[in-house]
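Analysis of the macromolecular model
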Amino acid sequence: MNQPISADAWVATSLGDPVKVLERQTVEVRPPGPNEIRVAVQAFCLNFNDIDIIRGRYTTLPLEPPFVPGMESVGVVESAGLGAEHLVGRRIVGIPVMAFGGYASYAIVDAATALELPDWISNTDGAALHYPFHLGWFALRERGRLQPGETLLVHAAAGGTGSGALVLGKALGARVIATAGSDEKVAFCKELGADHAINYRNGDWVDEVMDLTYGRGVDVAFDAVGGDVTVQTFKCMGFNGRHLMVGFAEDITLEDGDYLTPRPIAYGNFDLCGVCLVYVTDPVAIRRTLGFNWPARSAGLDAHAQILELIRTGKIRTVVGAEVGWEDLPEALQRMESRLTTGRLVVTAGA
Ligand SMILES: NC(=O)c1ccc[n+]([C@@H]2O[C@H](COP(=O)([O-])OP(=O)(O)OC[C@H]3O[C@@H](n4cnc5c(N)ncnc54)[C@H](OP(=O)(O)O)[C@@H]3O)[C@@H](O)[C@H]2O)c1
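The rules we used
Residues numbered from 1 in each chain as written. Predicted model: local features only at pLDDT ≥ 70, side-chain atom pairs only at ≥ 80, totals over all residues. Heavy atoms only, no water. Axes fitted to C-alpha atoms, helices over the stretch in contact; angles between N-to-C directions. Helix = DSSP H or I, 4+ residues; strand = E, 2+ residues; numbered from the N terminus. Parallel < 35°, antiparallel > 145°, perpendicular 65-115°, else oblique. Left-handed = near helix turned anticlockwise from the far one by under 90°. Contact = heavy atoms within 4.5 Å. Nonpolar A, V, L, I, M, F, W, Y, C, P; charged D, E, K, R; others polar. Core = buried A, V, L, I, M, F, W, Y, C linked by side-chain atoms within 4.5 Å. Buried < 20%, exposed > 50% of the residue type's maximum accessible area, 1.4 Å probe, protein only. Pairing = 2+ DSSP bridges.

Right, let's get into the packing of helix H4 (residues 130-143) against helix H11 (residues 297-312). One way to put it is that H4 packs onto H11 with a least axis distance of 10 Å and a crossing angle of 115 degrees. In terms of orientation, H4 and H11 fall into the roughly perpendicular class. For the pair H4 and H11, the sense of crossing is right-handed. Contacts between H4 and H11 involve Phe133, His134 and Trp137 on the former and, on the latter, Gly300, Ala303, His304, Gln306, Ile307 and Leu310. Its residues assigned to classes, the contact of H4 with H11 shows 5 nonpolar, 4 polar and no charged.

Okay, here's the thing in structure tokens:
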């Protein structure tokens, strides 16, 4: 077990368009180090961040080709490093070390992020669970302090993380206003339970949101789009509202942009809340080394138990937009980048 193992993988051979630069290869996957596990992968989902990483514009974790992209894995723990031995043989969903290496039949996963999957959850549902629902839970409850009866605005609500926030927001008792980029996606948001859904690429969606809230504005906004959508969202935040800065699907380089001015926030009397979810064993060490505040694994285990209970009792369901064949992975990323996908795209891998 303490040996490298051969794996079928998609490799980014250079930085650029995923359809052009991804190549199917056999790679060697190293043995797991301390607090790491090696997972025989059964399924994984595609993340929008994967596209930014493959295109070389994700400056948080810049990677030099060749590398195997992929930041989530579902599978059975085949071997473990020191401190993670208790996970061997368990079926888990987790984040590969440094958020790459997931597009492969074996992956090295950070044990701090490994969450066990009960027998009654399929690999596909397990792969569609982590970011949509853990991120939604962390964003809406921990950062957004969402209360039953409050109004929640979810942008890109037909997408992967957005659909999770929509479904979870409803289960937490909020009135949900969803936005999405096409009329088909708007209809999909309504199917998922949105109280109102707006095509935010047509007309003045800010006025629509203000009308729907009788001029008060929303209590919480889940914003994984960024850019102009963020600037416009500030115009519809209610008194004591919480704007959740979750992502930058519009343009990841805006993470370091200077397009936000303090005035609408100061005069708007709402909170601007950063949201970044990575479960870690030692949050203080991360604060000291990287300067980030990341939640503890113990919080992740607690959230996992509560999310699983919501799924088991039918109060929420995972949103799988498509199951993608191994061969079709690059084209699926292309569809995601072109805003043509809904929910999570799940790839099944035979280890
Ligand atoms: N904070 C965290 O810890 C964390 C964790 C995971 C992911 N995220 C963030 O969540 C965001 C969404 O990730 P995801 O994997 O769930 O993707 P996704 O929502 O499935 O896809 C991205 C969606 O963003 C919308 N969008 C708006 N402007 C776009 C543009 N210019 N190009 C492409 N799409 C655009 C599109 O929906 P419409 O067509 O409906 O507009 C698209 O479907 C990413 O920015 C990611 O960084 C954050």
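This part takes up the nonpolar core. Membership of the largest hydrophobic core comes to 57 residues, with the highest contact counts inside it found for Leu140, Leu152, Cys189, Phe222 and Leu244. Elements supplying a minimum of two residues to this core: strand E3 (36-45), H4, strand E8 (151-154), helix H5 (160-171), strand E9 (175-180), helix H6 (183-191), strand E11 (218-223) and H11. Looking at this core element by element, the count peaks at 7 residues for H4. By size, the runner-up hydrophobic cluster in this structure holds 46 residues, among which are Val11, Ala104, Val109 and Leu333.

The next point concerns the sheet that holds E9. Strand order across the open sheet formed by 6 strands is E10-E9-E8-E11-E12-E13, with parallel pairing between neighbours. Each of the sheet's edge strands pairs with one partner strand only, and the pair in question is strand E10 (196-199) and strand E13 (271-274). Across the sheet, the mean angle separating the axes of adjacent strands is 15 degrees when strand polarity is ignored. The sheet contact formed by E8 and E11 spans 3 bridges and is parallel. Bridge pairing links Val154 to Phe222 in E11. Of the strands in this sheet, E8, E11, strand E12 (237-245) and E13 are in contact with H4, which crosses E11 at around 150 degrees. Contacts from helix H7 (residues 205-212) reach E8, E9, E10 and E11 within the one sheet, and its direction differs from that of E10 by about 165 degrees.

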